[in-house]
Number of protein chains: 2
Amino acid sequence: MAATILDVSKLCGYSKATVSRAFASPEKVKEKTREKIYQAAQTLNYTPDAIARAMVRGRTDNIGFIIYEKQYPVVLNPFYSPIFESVLQTCTRRGYSLFISSDRELRLPNGQTCVKKQLDGVILAGHSDERIVNDLRRQNMPVVLLNNRLDMEGLLCVTTDQYGGGMLAMEHLLERGHRKIGLLAGEFSPHVYNSRYKAYCDALTKAGCLPEDRYIRRVEPVTEHAIEAAMELLNGKDRVTAIFATNDTIAIGAMKAAIRMGLRIPQDIAVVGYDDSENSRMIEPELTTVRVDKASMGRIAAERLISQIEGEEPCRDTIQTSVELVIRGST
Amino acid sequence: MAATILDVSKLCGYSKATVSRAFASPEKVKEKTREKIYQAAQTLNYTPDAIARAMVRGRTDNIGFIIYEKQYPVVLNPFYSPIFESVLQTCTRRGYSLFISSDRELRLPNGQTCVKKQLDGVILAGHSDERIVNDLRRQNMPVVLLNNRLDMEGLLCVTTDQYGGGMLAMEHLLERGHRKIGLLAGEFSPHVYNSRYKAYCDALTKAGCLPEDRYIRRVEPVTEHAIEAAMELLNGKDRVTAIFATNDTIAIGAMKAAIRMGLRIPQDIAVVGYDDSENSRMIEPELTTVRVDKASMGRIAAERLISQIEGEEPCRDTIQTSVELVIRGST
DNA sequence: TCTCATAATGAATACGTTCTCATTTTTTCG
DNA sequence: CGAAAAAATGAGAACGTATTCATTATGAGA
């Protein structure tokens, strides 16, 4: 049905080869010829077939974005959304299209990888593991890790200073005089969890306090769970005066718990979050939080992946984007 | 580098055709043969090449999801995120992969549609227009509209009862005795905007009130703008006692404005939102809002598109999913 | 005008599958 | 057991493009 290069060729009288060149590398064909070819193409409503093109070039100009975050049923959560936006922009600018999928889709029942030859490279976001990376590498698929860190030879990881960010949050609370600080720790990838937990402990210790288990709760990053856990920390006469939550959704849960218990924020209870996602400005007062440079993360990951696809060697193993404390009304 | 069907063929002694069948339609090959072929494939780490496959079948098993919402810089906003999730699930279950893009990506500089032959069909979300649909149709591309309505021959639109939803919200406020009701109307597609605006006017009129321009503000669906507009409505002695916001982000802006002005929710000012996005439960008190069945929207759009791809004729032009009022603390 | 270099074009092949049609093997059943 | 039917397999074309290599047209310099 659709016109092919042959139809155009016949209509304008030039060979298939020349027509092909007119589209794929216009500078190699005489201007006058090119015009005639484009004219013919237009009347036939012809566009080069991307599949046939990919077939012979061995490249599709498609990139995959795959999110592994088991705890979130929603593929696109407030943290990844801006990252994704940035990845999409970068890819578009450089002529690539973007595939997206959750982890379920990567492997088909028969063990095939549906990704094969469909994609020129893959961005793995969240907590993927060595096995997944190895699977992809065995197929010579360029890979970049996003918001995760795995120590594998030549594997590029784009992440942030998790420990430093945690420190920023804790030092801010300590500076304001808080000593009884609760930790609401979300269940993320080990890399993320461990770094932020360590920052919590180190900061307290440095300030002469002892981290106490009764002030610490592990929670799923879901508002309801966070509310429950926060209520425990806020109950009793020995309650905490501040809470460090390891992401904004959890922090908002903590604030909601406080409001429901009649506590004033920040006078009675201060809350610091992490990520600076959209949510952080939805609540009132707005949330003090650790801002992660999500736009850069996405851009860098995409750019490095594309460099790799286009033949350059990865120059560094790990790239850390900056973190910054944004102080708002909750502290 | 990567193994092809020919390598497998040589290793196991069967012809290319049989190897191909072993993967594409296993029931057509003897079990014993199949096992040997799989074995050989495994040792060679072979997987059928999706591109070559697409080339000969004329199908890619890829679907595109394209969002047109100019006012939102973020491709994936809280409204579309669950819809997208649902689309992704449905596609995955039925063996399709998902491409995503904003409108910028659809057309390349030279006027080509990069979509051509890469995709088996497209879901157009947000306010796309006739021109776009026609472009795609000229290439025989199956199309489904999501959250929008265009009167075009045989075009399937999956939407919701915008007017009915608006009515639910307004009648709820009227029942609670409110008469001075403000409208914060987000700038969405004409279809959406007009329906909700009409519901606002009709409900008021039916209750014997006259819609007044001073109670109505058009706003971009961004929290800051909503806060400003809400403050205008809440100022002065003649202020409104309730606000109907045409989406949750705007409603949250209204609530934040009220809180900042020292008004109590819902005693001094009631707020109803629209969409029931995640945000609606982030604020305290939580937001009364019109729930849109986003999961169904996504599922239905994907299913109908796939039916169309697989050869069935669309049965209805417009499908409306249900709306429902969720009453929470803000009213 | 002629020669040589260079630019522009064409013919043919390759990319890795699926599918049709023909052929061979296996099964069924009288 | 033998013939017919059914199942399994193989040979080869086709999908629509990019690219290599050969050929032809164009232009520059003397």
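These figures come from a predicted structure and were not determined experimentally.

About the thresholds
Residues numbered from 1 in each chain as written. Chains lettered and ligands numbered in written order. Predicted model: local features only at pLDDT ≥ 70, side-chain atom pairs only at ≥ 80, totals over all residues. Heavy atoms only, no water. Helix = DSSP H or I, 4+ residues; strand = E, 2+ residues; numbered from the N terminus. Rg over C-alpha atoms; globule rule 2.2 N^0.38 Å. Buried < 20%, exposed > 50% of the residue type's maximum accessible area, 1.4 Å probe, protein only. Contact = heavy atoms within 4.5 Å. Near = heavy atom within 4 Å. Polar contact = N/O pair within 3.5 Å; in protein donor to acceptor, adjacent residues only side chain to side chain. Nonpolar A, V, L, I, M, F, W, Y, C, P; charged D, E, K, R; others polar. Phe/Tyr/Trp six-rings, centres within 6.5 Å; stacked < 30°, edge-to-face > 60°. Lys NZ or Arg CZ within 6 Å of the ring centre and 35° of its normal. Salt bridge = Lys/Arg side-chain N within 4 Å of Asp/Glu carboxyl O. Pairing = 2+ DSSP bridges. Axes fitted to C-alpha atoms, helices over the stretch in contact; angles between N-to-C directions. Core = buried A, V, L, I, M, F, W, Y, C linked by side-chain atoms within 4.5 Å. pLDDT = per-residue confidence, 0-100. Patch = residues over 30% accessible without salt bridge, like charges linked within 9 Å, V, L, I, M, F, W, Y side chains within 5 Å. Areas by Shrake-Rupley, 256 points an atom, 1.4 Å probe, with all protein chains shown as cover.

1. Looking at the overall build of chain A
When helices and strands are tallied, chain A shows twelve helices and twelve strands. The C-alpha radius of gyration of chain A comes to 26 Å, more than 25% above the 20 Å expected for a compact globule of 331 residues. With the principal axes as the frame, chain A shows a C-alpha extent of 90 × 40 × 35 Å. Out of the 331 residues belonging to chain A, those deemed buried represent 57%. Sequence separation of 24 or more characterises 69% of the internal contacts of chain A that already satisfy a separation of 6 or more.

2. Things to note about the protein's contact with DNA strand C
Surveying the vicinity of DNA strand C reveals 27 residues, the closest of which are A:S15, A:T33, B:I5, B:S20 and B:R53. The sugar-phosphate share of atoms of DNA strand C within 4 Å of the protein amounts to 58%. A:S15 has a polar backbone atom sitting 2.8 Å from a phosphate oxygen of DNA strand C. A distance of 3.1 Å separates a phosphate oxygen of DNA strand C from a polar side-chain atom of B:Y46. Elements represented by at least two residues in the surface near DNA strand C include exactly α2 (16-24) and α4 (50-57) of chain A together with α2 (16-24) and α4 (50-57) of chain B. Here the surface near DNA strand C is composed, by residue class, of 13 nonpolar, seven polar and seven charged.

3. Thoughts on the packing of aromatic side chains
Considering all chains together, one arrives at eleven aromatic pairs over all chains under this definition. Summarising the aromatic geometry, the rings of B:F65 and B:F84 are spaced 5.3 Å apart at their centres and angled 75 degrees between planes, so their arrangement reads as edge-to-face. With B:F65 in strand β1 (residues 62-68) and B:F84 in helix α5 (residues 80-93), this pair connects stretches of sequence that are 19 residues apart. Aromatic ring contacts, followed pair by pair, group A:F23, A:Y38 and A:Y46 into a single cluster. Over the ring of A:Y274 we find A:R196, and its NZ or CZ is 3.6 Å from the ring centre.

4. With respect to the protein's contact with DNA strand D
Around DNA strand D lies a shell of 28 residues, among which A:I5, A:S20, A:Y46, A:R53 and B:T33 are the nearest. A share of 56% of the atoms of DNA strand D within 4 Å of the protein falls on sugar and phosphate groups. In this structure, A:K16 approaches DNA strand D through a side-chain N or O atom, which is 3.5 Å from a base oxygen. Between B:R21 and DNA strand D, the recorded distance is 2.9 Å, taken from a side-chain N or O atom to a base nitrogen.

5. A short note on the side chain of A:E286
The residue A:E286 is located in the loop between β9 (270-275) and β10 (288-292) in this model. Given a relative accessible area of 12%, A:E286 falls into the buried group.

6. So, the pattern of salt bridges
Counted by the stated rule, this structure contains 48 salt bridges over all chains. With its nearest N and O atoms 3.0 Å apart, the salt bridge here joins A:K198 to A:D202. Separated by four residues within a single helix, A:K198 and A:D202 lie in helix α9 (residues 190-206), roughly one turn from each other. With a relative accessible area of 46%, A:K198 lands in the partly exposed category. Of the residues examined, A:D202 reaches a relative accessible area of 25% and is grouped as partly exposed. A salt bridge links B:K206 to B:E171; its shortest N-O distance comes to 3.3 Å. Of the two residues, B:K206 is situated in helix α9 (residues 190-206) and B:E171 in helix α8 (residues 162-175); the sequence distance between them amounts to 35 residues. On the accessibility criterion, B:K206 (65% relative accessible area) is exposed.

7. Structural notes on the sheet that holds strand β8 (residues 242-245) of chain A
Residues and elements named next belong to chain A. Strand order across the open sheet formed by six strands is β7-β6-β8-β9-β10-β12, with mixed pairing between neighbours. Edge strands, defined here as strands with exactly one partner in the open sheet, are β7 (216-219) and β12 (323-326). The average undirected angle you get between the axes of adjacent strands in this sheet is 15 degrees. Note: strand β6 (residues 181-186) against β8, four bridges, orientation parallel.

8. Some remarks on the nonpolar core
Note on soluble globular proteins: their nonpolar side chains tend to be buried together. A:F65, A:L184, A:Y200, B:F65, B:L184 and B:Y200 are the most contacted members of the largest nonpolar core, which totals 153 residues. Here A:F65 is in contact with A:I83, A:F84, A:V87, A:L98, A:F99, A:I100, A:S101, A:I123, A:A125 and A:L146, once residues within four sequence places are set aside. Counting 32 residues, the second-largest nonpolar core is a separate cluster that includes A:L119, A:M141, B:V133 and B:M141.

9. A few points about the environment of B:M141
Residue and element names in this part refer to chain B. Relative to the assigned elements, M141 resides in the loop between α7 (130-138) and β4 (143-146). Overall, the relative accessible area of 7% leaves M141 in the buried class. Along the primary structure M141 and D120 are separated by 21 residues, whereas in three dimensions their C-alpha atoms are 6.8 Å apart.

10. Let's talk about the sheet that holds strand β8 (residues 242-245) of chain B
Picture the strands of a sheet paired through backbone hydrogen bonds; they go either parallel or antiparallel. Residues and elements named next belong to chain B. The strand order β7-β6-β8-β9-β10-β12 describes an open sheet built from six strands, whose pairing is mixed. Only two strands of the sheet have a single neighbouring strand rather than two, namely β7 (216-219) and β12 (323-326). For this sheet, the mean angle separating the axes of adjacent strands, direction not counted, is 15 degrees. Looking at chain direction, β8 and strand β9 (residues 270-275) are connected through three bridges and run parallel. Looking at β9, one finds that F244 is bridged to V272. Strands β6 (181-186), β7, β8 and β9 of the sheet are contacted by α9, whose axis makes an angle of about 170 degrees with β6. Across the sheet, helix α11 (residues 248-260) lies against β6, β7, β8, β9 and β10 (288-292), angled at about 160 degrees from β9, the strand it touches most.

11. Some words on the confidence of the model for chain A
All names here are of chain A. Residues with a pLDDT of 70 or more make up 92% of chain A, whose mean pLDDT is 89. Taken element by element, the predicted model of chain A shows its lowest mean pLDDT in helix α6 (residues 103-106) (48) and its highest in β10 (98). Every residue in residues 104-112 is under pLDDT 50, and counting partners more than four places away or in other chains gives 24 contacts.

12. A short note on a nonpolar patch on the surface
A cluster of nonpolar side chains, contributed by A:M55, A:V56, B:M55 and B:V56, occupies part of the molecular surface with about 420 Å² of accessible area. Mapped onto the elements of the fold, B:V56 is located in helix α4.

13. Notes on the environment of A:R214
Residues and elements named next belong to chain A. Mapped onto the secondary structure, R214 falls in the loop between α9 and β7. Since its relative accessible area comes to 45%, R214 is described here as partly exposed. Through-space distance from the C-alpha of R214 to that of L183 is 9.5 Å; in sequence the pair is 31 residues apart.

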